[in-house]
Amino acid sequence: MQYIDITTTMVKSSLDISYSRLDVKHSFKPEYKAERRPSELSIKSEDIKVKLDTSAIRSELNLKNNTDLALTAANNGRQAVYEAIGAAVRRGNEMAKINEHVTIADIIRQENIQQPESYTVFIPSNKINISWEPGSLSMKYDPGQLKLNWDIKENEINYVPGHVYLKIAQYPRVDIEYHPEGVRLDVMA
C-alpha cells in the first residue's frame, strides 16, 4: 500500500521589544543677576530774604556811614561858611550906620539877644524800608530701578524611540513524503 507522510514544522521566532522612552533633565536652579539703582530725593530750598533798610533813620540820628558822614560834614561846613560870610556882611552894614548913632556895643548886644529858633521833632520820623523776596522749594524724585536678568536653563529632553525585533530561528515548512512501498510499521506502533 502506498502512503504519504506529511510533516509540518512550526516557525520558531523570538521577539525583542524595547519600549520608547523620554529622558528629561530638569534644571531646578535658575540664576539671576540683579542690577539696582537706588531711589533719590533731592530737595533744593532757598530761604525767604527780608531786607530792612534803616539808613534814613540812622541818618536822622546822625549814625551814618563814612560816605554820608563826609557829605554831611561838607554840607555843614559850606553852610557855616555862608552863614559866617552873611554875619560878617550884616555886621559891616551895621557898622556903616555909625553915623546914625549905632555903636559897636549895640551891634554886639543885638547879636547876643537873638534867640535861636527851636523845633519840636519826633525822632525818628522816617520809617524802616522793608522789602522781601519769597523763598522757593524744589523737589526732584527719581524712583530708582531694579532690573533682574534671569538665566533660566531649559530642560533637556531626549526621546529614545522603541523598537521591536523579530528573530526567526526556524521558518515554517511542510514536508510531504510519498512512500510507494507500503505501510510503515514504526508509525503504527
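Our structure is the block above this text.
Chemist: What should I look at first to understand the overall build of the protein in this one?
Modeler: Counting its regular elements, the protein contains four helices and twelve strands. On C-alpha atoms alone, the protein measures out to a radius of gyration of 69 Å, which is more than a quarter above the 16 Å that the 2.2 N^0.38 rule sets for 189 residues. On the principal axes, the C-alpha backbone points of the protein span a range of 220 × 25 × 20 Å. Here the protein holds 189 residues, and 5% of them are scored as buried.

Chemist: What am I meant to see in a nonpolar patch on the surface here?
Modeler: On the surface, V11, L15, I17, Y19, V164, L166, I168 and Y171 cluster together into a nonpolar patch covering about 900 Å² of accessible area. If one sorts the elements of the nonpolar patch by residue count, strand β11 (residues 163-170) sits on top with three residues. For Y19, the position within the fold is in the loop between β2 (12-18) and β3 (21-25).

Chemist: Help me out: how do you make sense of the packing of aromatic side chains in this one?
Modeler: Here a ring pair, both rings aromatic, is described through the centre-centre distance and the interplanar angle of the planes. What the rule picks out here adds up to one aromatic pair. Between Y32 and W150, the ring centres sit 5.0 Å apart and the planes meet at 45 degrees, which makes this aromatic pair tilted. Taken together, the residues Y32 in strand β4 (residues 31-37) and W150 in strand β9 (residues 145-151) connect sequence positions 118 residues apart.

Chemist: Can you help me understand the pattern of salt bridges in this one?
Modeler: Between side chains of opposite charge, pairing is possible as soon as their charged atoms come close. A full pass over the atoms with the stated rule returns four salt bridges. For R21, the salt bridge identified is with D23, shortest N-O distance 3.5 Å. Taking the relative accessible area as the measure of exposure, D23 reaches 32% and is therefore partly exposed.

Chemist: Whenever I open this one, the environment of R90 confuses me. Can you help?
Modeler: Locating R90 in the fold gives a position in helix α2 (residues 66-95). Taking C-alpha positions, R90 is 192 Å from I4, a pair spaced 86 residues apart along the chain.

Chemist: Sorry, what's going on with the layout of surface pockets here?
Modeler: Gaps left between atoms show up when a probe the size of a water molecule is rolled over them. What the largest pocket holds in volume is close to 200 Å³. Going through the elements one at a time, α2 and α3 (104-113) are the ones with two or more residues in the lining of the largest pocket. Residues belonging to the lining of the largest pocket are distributed by class as follows: two nonpolar, two polar and four charged.

Chemist: Please clarify how the side chain of T9 should be interpreted in this entry.
Modeler: Its location among the elements puts T9 in strand β1 (residues 3-9). In this structure T9 comes out as buried when scored by relative accessible area, which is 17%. Residues contacting T9, with those up to four places away along its chain left out, are Q170, Y171, P172, R173 and D175.

Chemist: So what exactly am I meant to see when it comes to the environment of L15 here?
Modeler: Within the secondary structure, L15 sits in strand β2. Assessed through its relative accessible area of 57%, L15 is described here as exposed. The sequence separation of L15 and H101 amounts to 86 residues, and the corresponding C-alpha distance is 175 Å.

The rules behind the values
Residues numbered from 1 in each chain as written. Predicted model: local features only at pLDDT ≥ 70, side-chain atom pairs only at ≥ 80, totals over all residues. Heavy atoms only, no water. Helix = DSSP H or I, 4+ residues; strand = E, 2+ residues; numbered from the N terminus. Rg over C-alpha atoms; globule rule 2.2 N^0.38 Å. Buried < 20%, exposed > 50% of the residue type's maximum accessible area, 1.4 Å probe, protein only. Patch = residues over 30% accessible without salt bridge, like charges linked within 9 Å, V, L, I, M, F, W, Y side chains within 5 Å. Areas by Shrake-Rupley, 256 points an atom, 1.4 Å probe, with all protein chains shown as cover. Salt bridge = Lys/Arg side-chain N within 4 Å of Asp/Glu carboxyl O. Phe/Tyr/Trp six-rings, centres within 6.5 Å; stacked < 30°, edge-to-face > 60°. 1 Å grid on protein atoms, 1.4 Å probe; cavity = no way out; pocket = protein on both sides within 12 Å on 5 of 7 lines; lining within 4 Å. Points joined across faces, edges and corners; volume = space filled by probe spheres on them. Nonpolar A, V, L, I, M, F, W, Y, C, P; charged D, E, K, R; others polar. Contact = heavy atoms within 4.5 Å.

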